[in-house]
Amino acid sequence: MSEQPVDAYKVLQVDPEAEDEVIQAAYRRLAQKYHPDVATGPDAASRMAAINAAWEVLGDPAKRAAHDLGRRVAARAAERATAAGRHAGHDGHGTSHPSPRAPA
């Protein structure tokens, strides 16, 4: 199974509809909290790297737009996969039918 892409909005703990100023404030707050010079946890450096990567995406309007597009495409694909799984093998009348087999 492939690894899920990182959602920059979740990393910075902001809503996808957040204004630029809100995103910048969230980045600064998290950077102060998790900076390796301040934070003492073993994952401080990797956490700060994720915060910086999220800021690099969301702090640039063009990269943010591309990220938003990717999120929408992924959401649609997940919806289609869920819908396909719900409908696989069903005829819509409450009965289940096996898939037709190709001739051998």
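Only a predicted model underlies this, so the values are computations on that prediction, with no experimental measurement involved.

Conventions used here
Residues numbered from 1 in each chain as written. Predicted model: local features only at pLDDT ≥ 70, side-chain atom pairs only at ≥ 80, totals over all residues. Heavy atoms only, no water. Helix = DSSP H or I, 4+ residues; strand = E, 2+ residues; numbered from the N terminus. Buried < 20%, exposed > 50% of the residue type's maximum accessible area, 1.4 Å probe, protein only. Contact = heavy atoms within 4.5 Å. Polar contact = N/O pair within 3.5 Å; in protein donor to acceptor, adjacent residues only side chain to side chain. Core = buried A, V, L, I, M, F, W, Y, C linked by side-chain atoms within 4.5 Å. Phe/Tyr/Trp six-rings, centres within 6.5 Å; stacked < 30°, edge-to-face > 60°. Lys NZ or Arg CZ within 6 Å of the ring centre and 35° of its normal. Salt bridge = Lys/Arg side-chain N within 4 Å of Asp/Glu carboxyl O.

1. So, the overall build of the protein
Move 1: If you tally the helices and strands in the protein, you get four helices and zero strands.
Move 2: Listed by position from the N terminus, the elements making up the protein come as α-α-α-α.
Move 3: For the protein, buried positions account for 21% of its 104 residues.
Move 4: Long-range pairs, those at least 24 residues apart, make up 45% of the contacts in the protein with a sequence separation of at least 6.

2. Here we look at the side chain of His67
Move 1: Structurally, the position occupied by His67 is in helix α4 (residues 61-87).
Move 2: Residue His67 is classed as buried on the basis of its relative accessible area, which comes to 16%.
Move 3: At 3.4 Å, the side chain of His67 and the backbone nitrogen of Ala8 are in polar contact.
Move 4: Once residues lying within four places of it in the same chain are set aside, the contact partners of His67 are Val6, Asp7, Ala8, Tyr9, Val57 and Leu58.

3. A few points about the nonpolar core
Move 1: Leu12, Val14, Ile23, Tyr27, Ile51 and Leu58 are the most contacted members of the largest nonpolar core, which totals 16 residues.
Move 2: Those elements that provide at least two residues to this core are α1 (8-11), α2 (20-34) and α3 (44-58).
Move 3: Counting residues per element, this core draws most heavily on α2, which supplies six residues.
Move 4: With residues up to four places along the chain from it excluded, the contact list for Leu58 reads Ala8, Tyr9, Leu12, Ile23, Arg64 and His67.

4. Describing the packing of aromatic side chains
One pair of aromatic rings is described through two measures. These are the centre distance and the angle between the planes.
Move 1: Per the stated rule, a full pass over the model turns up one aromatic pair.
Move 2: Consider the rings of Tyr27 and Trp55, whose centres lie 5.0 Å apart with planes at 15 degrees: the pair is stacked. Of this pair, Tyr27 sits in helix α2 while Trp55 is found in helix α3, placing the two residues 28 residues apart along the sequence.
Move 3: On the basis of relative accessibility, which here comes to 17%, the residue Tyr27 falls in the buried class.
Move 4: Between Arg47 and the ring centre of Tyr34, over which it is positioned, the NZ or CZ distance is 4.1 Å.

5. Some thoughts on unusual backbone geometry
Glycine aside, residues mostly have negative phi angles, and peptide bonds mostly take the trans form.
Move 1: With a phi close to 60 degrees, Gln13 is a non-glycine residue in the positive phi region.
Move 2: For Gln13, the location among the structural elements is in the loop between α1 and α2.

6. Looking at the pattern of salt bridges
Move 1: Under the defined criterion, the tally for this structure stands at three salt bridges.
Move 2: With its nearest N and O atoms 3.0 Å apart, the salt bridge here joins Asp7 to Arg71. Within this pair, whereas Asp7 is found in the segment before α1, its partner Arg71 is found in helix α4, the two being separated by 64 residues in sequence.
Move 3: On the basis of relative accessibility, which here comes to 30%, the residue Arg71 falls in the partly exposed class.
Move 4: The shortest N-O distance in the salt bridge between Lys63 and Glu56 comes to 3.3 Å.

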